[in-house]
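# Coordinates in review
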Amino acid sequence: MRSELLWRRALQRSAEAELAGALVPLATELLELPQIGPFVLRRLLSATPKHLRQGGPKANPFLPWERALEVGRLGSGHVVLLNKYPVQPGHLLLITQDWQPQSGWIRPEDWQAVGHLARDTAGLWFFNSSAPAGASQPHRHLQLLPRRAGEASCPLAAMCEAQLQQRQWPWAYRISRRHDPTGCSDLPDLYRHHAEQLGLGSPQQDCQPLHPYNLLFDDRWLLTVRRSREHCAGFSINALAFAGYLLATEKSDLSWLEQQGPWQLLQAVASPATG
């Protein structure tokens, strides 16, 4: 059993940071659209955060990071922060202390930091490689939505399990079974293998991935999706959409979603299947 000390500290830190005004939880409401199940659709009620608005150059919120959002440090390389604008309490960011580009390759040191957290707390990890894949910040950060033991990591967890037996989704993706959920020694090789199969390139040969992509993993599987664009029908799509979580804003076309369905939404923003 994991100790979940990190998660408990994150929840305590969240309460403190919210009182201090450093944490700004997003107000949302659940929209009941039976035809989109098992996807979970929430509508944003708060003002759209600055990092989700289109515009010019953005200041880096991680250099320096807000100390009120800091949960812990992993040596001299990484920091665990609270997401400043969470939908779920305890939403964590694993960032590099120095500058590393989000659009670069995930490094061995990053995977080691993931393993350190995974030994303490389980959950759904995700990574948006660049703006076309839904990344809101250019500074390297992986994200973790903590989960209790035995709790499904996301709405599409069962479907992801099914894809391990036979790939059926009509877009470019690879999914592999995990073999070291707490140590995470399997992740670097799976990551490289998926990148090569999806035409993203190789960390040994390419200075950065050749295409945008999303990465998602829990204790049982790792999923990589090659992306073609970030928006469709007014929805901003990041890795969480491929886990079954959708967020509607005032720009989102709910009629389109009801008529076309969430699977068509994902297919519209992912690259076509490569065989």
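## Comments concerning the overall build of the chain
In terms of helices and strands, the chain carries six helices and 13 strands. Relative to a compact globule of 275 residues, whose C-alpha radius of gyration would be 19 Å, the chain shows 18 Å and is just as compact. Seen along its three principal axes, the alpha-carbon backbone of the chain occupies a region of about 45 × 45 × 40 Å. In the chain, which comprises 275 residues, the share counted as buried stands at 52%. Across the chain, every contact between residues at least 6 apart in sequence was considered, and the portion connecting residues at least 24 apart equals 67%.

## Digging into the pairing of strand β10 (residues 221–226)
Of all six residues in β10, six are buried, a share of seventy percent or more. Neither face of β10 is left uncovered, since the one carrying Trp221, Leu223 and Val225 and the one carrying Leu222, Thr224 and Arg226 both have all their residues buried. Here strand β8 (residues 173–177) runs beside β10; their pairing, made up of five bridges, is antiparallel. Bridged to Arg174 within β10 is Thr224.

## What about helix α1 (residues 5–19)?
Note: α-helices contain 3.6 residues per turn, so residues at a spacing of three or four share the same orientation. Taking 1.5 Å as the rise per residue, α1 with 15 residues should run 21 Å; its terminal C-alpha atoms sit 22 Å apart, in good agreement. Those residues of α1 that sit buried are Leu6, Trp7, Ala10, Ser14 and Ala17. Angularly, the buried residues of α1 cover 90 degrees about the axis, an arc narrow enough to put them on a single face. Turned more than 90 degrees away from the buried face of α1 sit Leu5, Gln12 and Leu19, all of them exposed. Elements in contact with the buried residues of α1: β3 (70–74), β4 (78–82), β5 (92–96), α2 (108–118) and β7 (141–147). Backbone geometry just after α1 places Gly21 at a positive phi near 85 degrees.

## Details of unusual backbone geometry
Residue Pro38 is reached from Gly37 by a cis peptide bond, and omega for that bond is 5 degrees. One non-glycine residue, Glu4, adopts positive backbone phi at about 60 degrees. Relative to the elements of secondary structure, Glu4 occurs in the segment before α1. The backbone of Cys184 sits at a positive phi, close to 65 degrees, despite the residue not being glycine. Positionally, Cys184 belongs in the loop between β8 and α4 (187–197). Assessed through its relative accessible area of 4%, Cys184 is described here as buried.

## Brief notes about the side chain of Asp120
Tracing the sequence through the fold places Asp120 in the loop between α2 and β6 (122–128). It turns out Asp120 is buried and unbridged, and the closest side chain with the opposite charge, Arg8, is 6.7 Å from it. A polar contact is formed between the side chain of Asp120 and the side chain of Thr121, at a distance of 2.5 Å. Leave out the neighbours within four places in its chain, and Asp120 touches Arg2, Ser3, Glu4, Leu5, Leu6 and Trp7.

## Here we look at the sheet that holds β6
The eight strands lie next to each other as β3-β4-β5-β7-β6-β9-β10-β8, forming an open sheet whose pairing is antiparallel. Here the strands that pair on one side only, and so sit at the sheet edges, are β3 and β8. The sheet shows a mean angle of 20 degrees between the axes of neighbouring strands, direction not considered. Helix-sheet contacts for α2 involve β3, β4, β5, β6, β7 and β9 (213–217), and the interaxial angle to β5 is about 150 degrees.

How each quantity is defined
- Residues numbered from 1 in each chain as written.
- Predicted model: local features only at pLDDT ≥ 70, side-chain atom pairs only at ≥ 80, totals over all residues.
- Heavy atoms only, no water.
- Helix = DSSP H or I, 4+ residues; strand = E, 2+ residues; numbered from the N terminus.
- Rg over C-alpha atoms; globule rule 2.2 N^0.38 Å.
- Buried < 20%, exposed > 50% of the residue type's maximum accessible area, 1.4 Å probe, protein only.
- Contact = heavy atoms within 4.5 Å.
- Pairing = 2+ DSSP bridges.
- Expected span 1.5 Å × (residues − 1).
- Arc of directions from axis to C-beta.
- Lys, Arg positive; Asp, Glu negative; His and termini not counted.
- Salt bridge = Lys/Arg side-chain N within 4 Å of Asp/Glu carboxyl O.
- Polar contact = N/O pair within 3.5 Å; in protein donor to acceptor, adjacent residues only side chain to side chain.
- Axes fitted to C-alpha atoms, helices over the stretch in contact; angles between N-to-C directions.

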